[in-house]
Structures are given as C-alpha cells and as structure tokens.
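Observations on the model geometry
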Amino acid sequence: MTWNTTGLDELPVYEKLTKLARNPFDLKAPGALSPDRIANYKASAAGFDLLFSTQRVDDAVLNGLQQLADQSGAVDQFLAMKRGDVMNRIEGYESENRQVLHTSCRDIFSDSPYNADATQQAKQQLDKLKVFLSQLDKGEITNTRGETFTDYVNIGIGGSDLGPRALFLALAAYAPENRRVHFISNVDPDDAAAVLQNLDLSRTLVGVVSKSGSTLETLTNEEMARAAYSRAGLDPGKHFVAITGQGSPMDNPQKYLHSFHMYDYIGGRYSATSMVGAVMLGFALGYDALVEILRGANEMDRVSEEKDIKKNPALLLALLGIWNHNFLGHETVAVLPYSQALLRFPAHLQQCDMESNGKSVTRNGEKVCCSTGPIVWGEPGTNGQHAFYQLLHQGTALVPAEFIGFRQSQHKIDLDIKSTTSQQKLVANLLALALALATGQKNENPTRFFAGNRPSSILLADKLDPHTMGGLLALYEAKIVMQGFIWNINSFDQEGVQLGKVLANRLLDHMRILRHGEAKDRDRHPESWAMLEAAGILQEDQPL
C-alpha cells in the first residue's frame, strides 16, 4: 500500500477533535440556527444539496474534519480504488486480495476511465444487454407460443437482491405497464411459493444472480423455480437468465437462455450498477433509464473526488458520521427517506454499511483502537413519525438522523388540501423534524420537554428519477468506503458472513445424516447436534 494506513486515533488532528467534542456546538442556544448558518452550512453538487446546519458542528469542527480528510488521505484512497489498486486485503494475512472497481461499471461514460480494462468489460456486458433488451422489445425473443415476456423474477440474496430491489422500487413509477418485476431472496420456501403461485410462468423470465454460481440459498430457490416451470410443462432453459461470474457453474448455455457476467473485483453490496442490477432494471425500466442511472452514479463518483469537503457531499456526510460516532459517542444512525419509493433503500444501506464497516481489525491485521461502523437503520417518513420518532425525540439513546427528500413527487398526482399539496406537507415535515430534533422544546411538564441537540442532516434533490437515484446510490457508496479508509479497515470483505455459511452447512450435514439413517458421530461438533435437538429438529421418532 502506498497510502497512509494510520489509525484514526493516531492522526494529528484526533486530539484537536477530541477536545472540541467536549463542548460541541449548542443547537439550542438563542440564535444558534441563524439564517446565515442555515444558508452557509450547505454543500451542493451533482444535483444534491446537503444541509447540515442541524449538526453539532461549528467552523472549528469543520476545519478539523477537513484536516481529518486530508491527513487520512480519504480521497486519495478513493482515487486509488478507482484506478484499480488492490484494496480488498489485510497486510500479512490471507485475504481476498482483490481490486475494488464497482465505479468502473459507470465510468463507461467518461472520456478517460480510471481503469480501462474493467471499464471495457463493463461496456461489453452493457452492449450485450442492450441487444438482449432490444430483442425482447421487438419480439425477437419470445416464449414458445411467440408471446412476449411481461414479468421478471430476480432470484438472489444479499447484494444480489437488496440493492437491485431498492433501485427498482425507487423507480417503479417509470416502469411501463407491461413490465413487472418480482423478487425471491429468502431460502424460506414460502418466499418462493408466494411469488411463483401468482405468475403466468409462460410469460415470465427468471434472472438467477450468483457470482460464484454456488450460493446455497440462491441455488435452492432456483431449483424451486425450475420445479414450478417443469410442473407447468415449460422448459426452464428457455426462461432462465444467468447473471454470474465468467466460467462459473451457472455460465452454462445448456441451462440458460442467456448469460451476463460479473467480475470478482465488484463486491456484492456494491454491485447494483453492474449486471447484477442492470439486467433486471433494463427489463423493468428500459435501456435508456438504465443508462441514466449509470450516468447519475458516474456524476456523483466524479464529485466524490473533490478534496474540499464543502464541495463533496459524500465526504462531508462521511466526516459528519465520524464526528457523531467517534467523537460524540453515538452508536447508531437512522436513514429516513421522505419518499415512499425509497422504502427499501435503508435496508440496502444496512448491508452496504454494516457489512462493509462492521470490522474490528485494521488493514494491518491489528485490533482497531476506535469504534468503526455504526448500526444503520431506518424507514420512510412520515410513517416513521407515528412510530419510532418518539425515541428520536425523547429517548435515552441519541440517534443522529440522515433525512433524504425531494422537492417534487414522481407521479405528479396531488391535491391542494388546506392550501398546500401533499408533497409540500411531506417536505415540511422533513424540515420540521430536523429543526425539532435540534432545538427541542422547554416545558415545565417533563413529559412535554424535549432536550434537543439531536443532530441530523438533510439531503435534498429535485426529483427521484433514474439519474438522481444513480447519484444517491453512488453518494452513499462513497460515504461508506471513505469512512472505512479513515478508520483504516477493509470495507470490502465479509468474513462474518462466511463463518455463518460454514456453520449452517455443518448443521445441514447433520440433517442429511439423520435423514438417510447413517450413524451419528456425536463426538464431532457436539454443540451442533445439541442445538438441533434443543430446537426439536432431530427428534428420533420424527426423522426429516
């Protein structure tokens, strides 16, 4: 590595920020939220405005955060990632040792891509997809009766489901009426059954997403779907599409109508703009809308190279998160989109953030000395205001919030009620909540007293459309990886996920042994046998 791998607590500015955190800016003080502060504490780029006057920061803290960004080399590392440096590694220990090039999927629109090889591979796959989508639109690819396909089932889990699903739901308003998308992710058989039983399978494509071609949950759900097609007298090979690694067991033209490739330098949770999400989004929204998602993401990727934190919303949001988490001691962050279309976006960010930065070992293979990734959660407003916002206002746990909102609605179907539209009411609630959390309320009645000084940021754009959604996705991806760089952790592996898979397979082996009447070796992994029996799974008189 050529960049700084110093821990957060070893950076020169750490002590300065620690001292400033002892007396953070008082949002409740008279005149604290002045018009000048609200106007000036704003970072604008790529169609987004980040309003952060309701964070507990002042100019001294912002100067310190700028130094933190500079001393950690966060942007330099972001650029190294885009060039193709091997970022997914732990020094001195066995690790995946990979490049991290999800930005190359949208760098195809740049005159000078950072990694020409990866960008060329992305372009080749996108060109293949363009032809495939055109053949579907023109009726050149049909079912055996010559009918066009109207539905698409996406089978995947983790990054092969959460990001793509969040993007589709966010942009479903732009889908034509003759294109519908469904998702199967959970290995719970009821998930697959509930989706498949209500479809006309003869007019449905199934996209199976697995980089390795061996993800157990995905392969299990694929077989559930294939069985449903066979029962309906349909040939799965004429309906199933593979999105997988080149040369994987799924890269098989005998089993799939078509194959699209993903590459090992794109991590699952950062893969929504690769073929992982592109095939489904292209079917659902059309090729042109897909291109706009990629263009929006590329625009934000470019903005995220800016070293001035006031010109880089992703970097500033990352630094404000570190200020709240590491210096003010807040363990969680709530992502609160004031858009029903972003229903599943917080779920995607849970994976992207917590799987990336839920680490306790540095890139040097040493135990971290500072807290790393926060707990991320959230739901859309205004529904949340009538649920968990009570805790945000008056609970003993202080939760910083990141509000996301849009000045215009997607459908343009609205009414004036009491002289304001629903969209105006939505935005008014968003802004009001940030002010309420910051300023609180004095009251002699203790149940109506609000302590205030609860920090939040507001991310605003004009409208949630494909271009804006691409930018929003890329903004949060950049925020997450730059926080990881500052913490000096590897944001690109997920060993905790691997451990769970190993233990699940061990339990499945025990179940197979019992089912086939083989001798049970209880001396091997006795805790696994005991857990199954305690759960009532291995009763001797009720074999599986």
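Residues numbered from 1 in each chain as written. Predicted model: local features only at pLDDT ≥ 70, side-chain atom pairs only at ≥ 80, totals over all residues. Heavy atoms only, no water.

**Quick word on the packing of aromatic side chains**
Condition: For this analysis, a ring pair means two rings from Phe, Tyr or Trp (six-membered ring only for Trp) whose centres lie within 6.5 Å, classed as stacked if their planes differ by under 30 degrees, edge-to-face if by over 60, and tilted for the remaining angles. Any residue under 20% of the maximum accessible area for its type is buried, any over 50% is exposed, and the rest in between are partly exposed; the area is computed with a 1.4 Å probe on protein chains only. Geometrically, a lysine NZ or arginine CZ counts as sitting over a ring once it is within 6 Å of the ring centre and also within 35 degrees of the ring normal.
One pass over the full model with this rule turns up 14 aromatic pairs. Ring geometry for Tyr 263 and Tyr 265: centres 5.6 Å apart, planes at 15°, overall stacked. Here Tyr 263 and Tyr 265 have matching classes, each one buried. One aromatic cluster is present, formed by Tyr 14, Trp 323 and Phe 327 through successive ring pairs. One residue, Arg 37, lies across the ring of Phe 25, its end atom 3.9 Å from the ring centre. Seen from the ring of Tyr 256, Arg 226 lies directly overhead, with NZ or CZ sitting 5.1 Å from the centre.

**Some points on the sheet that holds strand S1 (residues 42-45)**
Strand pairs in the sheet, formed through backbone hydrogen bonds, run parallel or antiparallel to each other. Here is the rule: Two strands qualify as a pair provided DSSP detects at least 2 bridges between them. Strands here are runs of E lasting at least two residues and helices are runs of H or I lasting at least four, both read from the DSSP assignment and numbered beginning at the N terminus. Only the contacting stretch of a helix is used when fitting its axis, a line to C-alpha atoms as for every element, and angles between N-to-C directions run 0 to 180 degrees. Contacts: residue pairs with any heavy atoms within 4.5 Å of one another.
Strand order in the open sheet formed by six strands is S1-S2-S15-S12-S10-S11, and the pairing between neighbours is mixed. Each edge of the sheet is formed by a strand with only one pairing partner; in this case those strands are S1 and strand S11 (375-377). If you compare each strand with its neighbour and ignore which way they point, the axes differ by 15° on average. Bridge count for strand S12 (residues 401-406) against strand S15 (residues 456-461) is six bridges, and the pairing is parallel. By the bridge assignment, Ala 401 is partnered in S15 with Ser 456. Seen against the sheet, helix H14 (residues 422-439) touches S12 and S15 and runs at an angle of roughly 160° to S12.

**Brief notes about a nonpolar patch on the surface**
This is how the line gets drawn: Patch definition: residues above 30% relative accessible area lacking any salt bridge, with like charges linked at up to 9 Å and the nonpolar side chains Val, Leu, Ile, Met, Phe, Trp and Tyr linked at up to 5 Å. Each accessible area value is a Shrake-Rupley result obtained with a 1.4 Å probe; residue values ignore everything except the protein chains displayed when judging cover. By salt bridge we mean one thing: a side-chain nitrogen of Lys or Arg within 4 Å of a carboxyl oxygen of Asp or Glu.
Residues Leu 499, Val 502 and Leu 503 make up a contiguous nonpolar surface patch of about 260 Å² in total accessible area. Within the secondary structure, Leu 499 sits in helix H16 (residues 495-515).

**Some details on the confidence of the model for the protein**
A low pLDDT score tells you not to read the predicted coordinates there in detail. Convention followed: A residue's pLDDT is the confidence the predictor assigns to it, expressed on a 0 to 100 scale.
Per-residue confidence for the protein gives a mean pLDDT of 94, with 97% of residues at or over 70. Across residues 540-544, confidence stays below pLDDT 50; counting only partners more than four residues off in sequence or on other chains, it has six contacts.

**Quick look at the environment of Gln 125**
Mapped onto the elements of the fold, Gln 125 is located in helix H5 (residues 116-137). Judged by relative accessible area, Gln 125 falls into the buried class, the value being 5%. Distance in space between the C-alpha atoms of Gln 125 and Met 275 is 7.3 Å, their sequence separation being 150 residues. Dropping the residues within four chain positions of it, Gln 125 is found in contact with Phe 260, His 261, Tyr 263 and Met 275.

**Details of the packing of helix H11 (residues 313-327) against helix H15 (residues 466-487)**
Inclusion rule: Angle categories are assigned with fixed cut-offs, so that under 35 degrees is roughly parallel, over 145 is roughly antiparallel, 65 to 115 is roughly perpendicular, and the rest are oblique. Throughout, a crossing is termed right-handed when the near helix is turned clockwise from the far one, and left-handed when it is turned anticlockwise from it by less than a right angle. Classification convention: Asp, Glu, Lys, Arg as charged; Ala, Val, Leu, Ile, Met, Phe, Trp, Tyr, Cys, Pro as nonpolar; all other residues, Gly among them, as polar.
Contact geometry of H11 with H15 gives a least axis separation of 8 Å together with a crossing angle of 50°. Considering the angle they form, H11 stands oblique to H15. When you trace H11 past H15, the crossing you get is right-handed. Contacts between H11 and H15 involve Pro 313, Ala 314, Leu 315, Leu 317, Ala 318, Leu 319, Gly 321, Ile 322, His 325 and Asn 326 on the former and, on the latter, Leu 475, Tyr 476, Ala 478, Lys 479, Met 482, Gln 483, Ile 486 and Trp 487. Partitioning the contact of H11 with H15 into residue classes produces 13 nonpolar, four polar and one charged.

**Some details on the sheet that holds strand S6 (residues 180-184)**
Pairing is parallel across the open sheet formed by five strands, whose spatial order is S6-S5-S7-S8-S9. Of all the strands in the sheet, just S6 and strand S9 (258-262) have a single pairing partner and so form its edges. Here the average twist between neighbouring strands, direction ignored, is 20°. Where strand S7 (residues 204-210) lies against strand S8 (residues 240-245), five bridges are found, and the strand directions are parallel. Bridge assignment links Gly 207 to a residue of S8, and that residue is Val 241. Strand contacts of helix H8 (residues 216-231): strand S5 (151-155), S6, S7 and S8, with the helix running at about 160° to S7, the strand carrying the most contacts.

**A closer look at the state of the cysteines**
Short version of the rule: In what follows, a disulfide is any cysteine sulfur pair within 2.5 Å.
Tallied over the entire structure, the rule returns zero disulfides. Cys 105 carries a free sulfur, and the closest cysteine sulfur to it, the one in Cys 352, is 13 Å from it.

**Focus on the side chain of Ser 53**
Within the secondary structure, Ser 53 is located in the loop between strand S2 (48-51) and helix H3 (59-72). Given the relative accessible area of 7%, Ser 53 is considered buried. For Ser 53, the contacting residues outside a window of four places in its chain are Leu 27, Leu 33, Arg 37, Ile 38 and Tyr 41.

**Some points on the layout of surface pockets**
As a reminder of what qualifies: As defined here, a cavity is a set of points on a 1 Å grid over the protein atoms alone where a 1.4 Å probe fits but cannot get out. A pocket is an open set with protein on both sides within 12 Å along at least five of seven lines, and residues line them when an atom is within 4 Å of a point. Grid points are joined across faces, edges and corners, and a volume is the space filled by probe spheres set on the points.
By volume, the largest pocket is sized at about 1000 Å³. Of all elements in the fold, only strand S4 (98-99), S7, H8, helix H12 (345-357) and H16 reach the threshold of two or more residues within the lining of the largest pocket. Element by element, the count of residues in the lining of the largest pocket is highest for H16, at seven residues. Classifying every residue of the lining of the largest pocket by side-chain character gives 14 nonpolar, 19 polar and eight charged. Taken as a whole, the second largest pocket spans an internal volume of roughly 260 Å³. Lining the second largest pocket we find 15 residues, and of these Ser 339, Ser 409, Gln 410, Gln 423 and Leu 426 sit closest to its centre. Ranked by the residues each element gives to the lining of the second largest pocket, the list is headed by H14, at three residues. The class makeup of the residues in the lining of the second largest pocket is six nonpolar, eight polar and one charged.

**With respect to the side chain of His 325**
What counts is decided by this rule: Within 3.5 Å is the distance limit for a polar contact, defined as a pair of N or O atoms, with the added protein rule that one can donate a hydrogen and the other accept it, and that residues adjacent in sequence qualify only through two side-chain atoms.
Take His 325: it is sitting in helix H11. For His 325, a relative accessible area of 9% gives the class buried. Within the structure, the side chain of His 325 is placed 2.4 Å from the backbone oxygen of Thr 372, a separation counted as a polar contact. The residues touching His 325, leaving out its near neighbours within four places in the chain, are His 330, Glu 331, Ser 371, Thr 372, Gly 373, Pro 374 and Trp 487.

**Details of H14**
Using the following cut-off: A helix's residues, less one, multiplied by 1.5 Å, set its expected span. Read the arc as the range of directions from the helix axis to the C-beta atoms.
The end-to-end C-alpha distance of H14 is 25 Å, a good match for the 26 Å that 18 residues give at a rise of 1.5 Å each. Every buried residue of H14 is listed here: Gln 423, Leu 426, Val 427, Leu 430, Leu 433, Ala 434, Leu 437 and Ala 438. In an axial view of H14, the angular spread of the buried residues amounts to 130°, which keeps them on one side of the axis. Considering only its buried residues, H14 is in contact with helix H13 (389-394), S12, strand S14 (420-421) and S15. One or two residues past the end of H14 sits Gly 440, with phi positive at roughly 65°.

**A look at the environment of Gly 47**
Note on placement: Gly 47 falls in the loop between S1 and S2. Judged by relative accessible area, Gly 47 falls into the exposed class, the value being 56%. The spacing of Gly 47 and Leu 205 is 158 residues in sequence and 35 Å in space, taken between C-alpha atoms. Excluding residues that lie within four positions of it along the chain, Gly 47 makes contacts with Leu 460, Ala 461 and Asp 462.

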